[in-house]
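Summary of the model geometry
Chain by chain, the residues run as shown.
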Amino acid sequence: MMPFFHLLFVFVAAPDVLAFPNFVIENASPLLENASEHTRVAIITMPVSPAASLIGDPVIINANPVVHPFVLSRRSIRQWELFITGAPKLDFETVTLYSLTIYAKGTQGATASQSISIQIADVNEPPTFSGSLARGDQVTEIYILEDTALGTMIYRAAAKDPEDAVLEYFLSPEASGFTIDSLGTISTAAVFDFESETRSFSLIIKVVDPGGLFTAGNLKIFLINVNDKDPVLTCSLFNIENCVLSVTSINSTLHNKINITLDEEIPIGKTVGVCQATDEDNLGDLTFELDPWNIYFAVDKEHGTVVTAARLDVERAGFARIQSFSIKACDYDRRCASILVTANIHGINDNSPFCDRYLIRYTGKEVIANGTVVAKLSCHDLDDPPDRIHYAPSSGPIGSGQLFEQVSNAENIIQVAKELDYENPELIAAGHIYEMMISVFDDLHPSHTAFYKVGRVTAIDDDHPPNCVTYKITSGDSQVVQRFWIHPFSGMIELTTQPDYETVKQYNLTVEGVDCDRFHPRTALTMVTVNIEDENDETPVCTPSFYKAVIFDNVVAGTNVNGFELNCHDRDSQDFEMRFEIVSGNENHHFGFDPTRGSNTPKLIVKNPFTFESGAEPHQQYRLMVHIIDDNLKYNKVTRPKTGTANIDIYVMRVNTPPPPATSSEQRKGLTVVYTAINTYTSSGWYIPFIFTLMAVFFAGLVSWVCFLLWRYGNTMGCCQKMAMEFSKPKPKGMKYIAGDRNQKEKIVTENRNKKLEVLTETIVYETIFDGEAVDPVSGNVYEYNSRTGARKWKKPPSHQEESLADMYSLPEIPTSEEPTSLKIPMQE
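Residues numbered from 1 in each chain as written. Predicted model: local features only at pLDDT ≥ 70, side-chain atom pairs only at ≥ 80, totals over all residues. Heavy atoms only, no water.

**Considering the environment of Arg321**
For clarity, the threshold we go by: Helix and strand definitions follow DSSP, with helices as H or I runs of at least four residues and strands as E runs of at least two, each counted in order from the N terminus. The buried label applies to any residue whose accessible area, calculated with a 1.4 Å probe on protein chains only, is under 20% of its type's maximum; exposed applies above 50%, and partly exposed to all values in between. Residue contacts follow a heavy-atom distance rule, with two residues in contact if any of their heavy atoms lie within 4.5 Å.
Within the fold, Arg321 resides in the loop between β27 (305-308) and β28 (322-330). Overall, the relative accessible area of 30% leaves Arg321 in the partly exposed class. With residues up to four places along the chain from it excluded, the contact list for Arg321 reads Val314, Ala343, Asn344, Ile345, His346, Gly347, Asp384 and Pro385.

Below you can see the structure in the form of structure tokens.
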């Protein structure tokens, strides 16, 4: 970096006038021409006396040149900064020195000004192209004949360096067949052949200055096929490949033979060519014939129309795929012009693939390891050449994230994707049997193929050489993927990719024809309109494409299954042009759609009830494959209907589930995997018996607690019932208490059962505590007494008292209603 410097400009001012500005310039000297916008050039300080002030800000006057990229910006009250605005851009090659005058005026009329010179330093800039290569976002196209001589100059790249330095030119890739010299002249360095694989070359021209700066341009060179043929017989022969028709025109003076491709099984009488002939020597009528005679083709003698005369079937034994014959146009003198036609009969996809086995079983013992092959499908196609066979899962646990998967690059091999363990609850299927269905189909041919010939553009040029015109499409094909290409020499417009009517219905192509004058070329434009016809090439798409549901077996016929309905759309058909079919999985026709056609939102309903009790239902799982076909025509316009698919899994749950019946595996279709396991124990499953033991202990304790609660509840109820019965009986009229010792726990109640109880008297007797003893002076017996209440009792009762007590506690065995009844009531302590 160059050092900064400071310039100080001092002005002498009279009293009461402005002081001269004091400039401090801080910038690299000189200022670089590539300095960015907002780069500071100088700081301007303008001190004034206290009694004076400025009118506004200082301004730039008398700039040289007048248009300059500088502006003043206030920094503080007495300071301003000089910045670069960026417009116009600093360019050393345009202006090397700017001269600016800073002018300021005070409120008292005093003025001050100062001139600043700003030197622009030269910076090395990259070179630039001139001409067509100057547009860096475009590719310059050059067309040369395939027989161009070695060392022929074909193009010159013009470039200029802003500093007028000597430039060097480079061409890449180096082995492209072209060379470039120090002046930018490109010449051929090889012999080219249009029939080879390479028909165009993409080159990058790089021009570098001595400082290493460079610029690059893109150049594309096309080879032009050269033909030398004299027309006598002109024929337009048809290529019919994959049901796509294209026309090839040939003249006998240009070519005396032609190859065409025809699909097999085209109708008999189909036109495959139209010929016209002219005779410069004899103006008489000409006749057409085939030589030699061919069983499969015929030509109209007068009109020259070539048609098929027999069935073309490449799969038939002895059929020759290549048919050769000559189309001749002869006059009365038998002067003939001929074109040799070689017809390649192309096999079409008219045979469905077939398989060696349609039911494959695999039985394995646990644990089945990941990657184990369980099935290998072997299918074939009779088409010649055989079409590629595809294997697509249609049902079952196969696919991404499932238990089984197809082997990469071998779709016909099915292998285990996850380790299968018999005890793993996440992988258990019904009966430990996994069923999968694989759909087998071959390739389908598209409606259009690449390089379909759309038409030819012909330009006439009377200059010499005559009709030397090259063609290119300049506009009208502006999509990301260009669909049209024009042959630069013949003017044949070809379709490179399949068109889409639903996206673009019409193309308006602008074709430009340029003559061969390299110095003053003349051009002509024409408009080619290509209309895309509608074709039924879109399949219906439904949401959801896969659905699972669970229903009960007592569902009533006509019920919508869980409110489910399909929502289908077709890009090239109306919503009412679709119909719905359940093609597989609908055993006993339990399910159907309502409606089956004329709507894009049909409902799935139960058509017939389930009868599991009769044994007529084979299983409870229904895997329905639904076809959505867009041939429900109203105006009969679809000749090749398209079919979309949807899959529905329905599990029918029984209300009263019986033991599962034994189902023969012979009744199942598709791929069946029988999974047999052995009862094994692994150390990693120690927690299973531990959990079961805890559950058993908890259950035993719970049962014991419930039994205890029931026993306690039974005793309480029995006691309550007994007390209720005692209280419901007639109560005694009076009570008699017998005094006894501490262990006495009974009382004698006598009553007359025949008398109605009117008054109920309840007496609570508390047991007396005797704390003293004494001797009866009369009987001499010892008695106990209570010192507080005076209550007494015999310590040892006499014999006549014991007899009396025995009489009072005895009860008759059969009491009568006429005699008093004694009740024995236990007393609570």
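**Overview of the state of the cysteines**
Filter applied, for reference: We call a pair of cysteine sulfur atoms a disulfide whenever their separation is within 2.5 Å.
Applying the stated rule across the entire model yields four disulfides. Residue pairing for Cys330: its cysteine sulfur links by disulfide to Cys336, the two sulfurs lying 1.8 Å apart. Looking down the S-S bond of the Cys330 and Cys336 bridge, the torsion is 115 degrees, so its handedness is right-handed. A relative accessible area of 1% means that Cys330 is categorised as buried.

**Some remarks on the packing of aromatic side chains**
Rule in force here: Planes of paired rings set the category: under 30 degrees apart is stacked, over 60 is edge-to-face and the rest tilted, where pairs are Phe, Tyr or Trp rings (Trp by its six-membered ring) whose centres lie within 6.5 Å. We call a charge positioned above a ring when the Lys NZ or Arg CZ atom is no farther than 6 Å from the ring centre and deviates by at most 35 degrees from the ring normal.
Per the counting criterion, the structure on display carries 18 aromatic pairs. Ring centres of Phe70 and Tyr98 lie 5.3 Å apart, and the angle between their planes is 80 degrees; this geometry places the pair in the edge-to-face category. Taken together, the residues span a long stretch of sequence, with Phe70 in strand β8 (residues 70-74) and Tyr98 in strand β10 (residues 97-105) at a distance of 28 residues. Taking relative accessible area as the criterion, Tyr98 reaches 3% and is therefore assigned buried. Here Lys206 stacks its cationic end above the ring of Phe214, 4.2 Å away from the centre of that ring. Between Lys505 and the ring centre of Tyr501, over which it is positioned, the NZ or CZ distance is 5.0 Å.

**Here's the deal with a nonpolar patch on the surface**
The condition that has to hold: Patches here: salt-bridge-free residues with over 30% relative accessible area, like charges joined within 9 Å, nonpolar side chains (Val, Leu, Ile, Met, Phe, Trp, Tyr) joined within 5 Å. Each accessible area is a Shrake-Rupley result for a 1.4 Å probe, and residues are judged covered by the shown protein chains and nothing else. What counts as a salt bridge is simple: a side-chain nitrogen of Lys or Arg found within 4 Å of a carboxyl oxygen of Asp or Glu.
Taken together, Trp686, Tyr687, Ile688, Phe690, Ile691, Phe692, Leu694 and Met695 make up a surface patch of nonpolar side chains, about 880 Å² in accessible area. The residue Trp686 is located in the loop between β53 (671-676) and α1 (687-728) in this model. Of the residues examined, Trp686 reaches a relative accessible area of 54% and is grouped as exposed.

**A closer look at the environment of Glu265**
Operational definition: Counted as a polar contact is a pair of N or O atoms within 3.5 Å, where, for protein atoms, one must be capable of donating a hydrogen and the other of accepting one, and residues adjacent in sequence contribute only when both atoms are in side chains.
Along the chain, Glu265 falls in the loop between β23 (257-263) and β24 (271-277). By relative accessible area, Glu265 is classed as partly exposed at 28%. Here Arg311 takes part through its side chain, which lies 2.9 Å from a polar atom of the side chain of Glu265.

**Details of the sheet that holds strand β49 (residues 591-594)**
Put simply, the test is: At least two bridges found by DSSP between two strands is the condition for calling them paired. Helix axes use the C-alpha atoms of the stretch in contact, all axes being lines fitted to C-alpha atoms, and the angles between their N-to-C directions lie in the range 0 to 180 degrees.
One open sheet accounts for three strands, arranged β46-β50-β49; its pairing is antiparallel. The open sheet has two edge strands with one neighbour each: β46 (560-565) and β49. Pairwise comparison of adjacent strand axes, ignoring direction, gives a mean angle of 30 degrees for this sheet. Strand direction decides the pairing type here: β46 and strand β50 (residues 603-606), joined by two bridges, are antiparallel. Residue pairing for β50: Asn560 is matched across the bridge by Ile605.

**Remarks on the pairing of strand β9 (residues 79-84)**
The side chains of a regular strand alternate, first on one face of the sheet and then on the other. Burial analysis of β9 places five of its six residues in the buried class, which makes it a mostly covered element. Summarising the sheet, strand β6 (residues 40-45) and β9 pair through five bridges and their orientation is antiparallel. Among the inter-strand pairings, Ala42 is bridged to a residue of β9, identified as Leu82. For β8 and β9, the ladder comprises five bridges, and the chain directions are antiparallel. Residue pairing in the sheet places Val71 in a bridge with Phe83 of β9. Hairpin connection of β8 to β9: four residues between the antiparallel strands.

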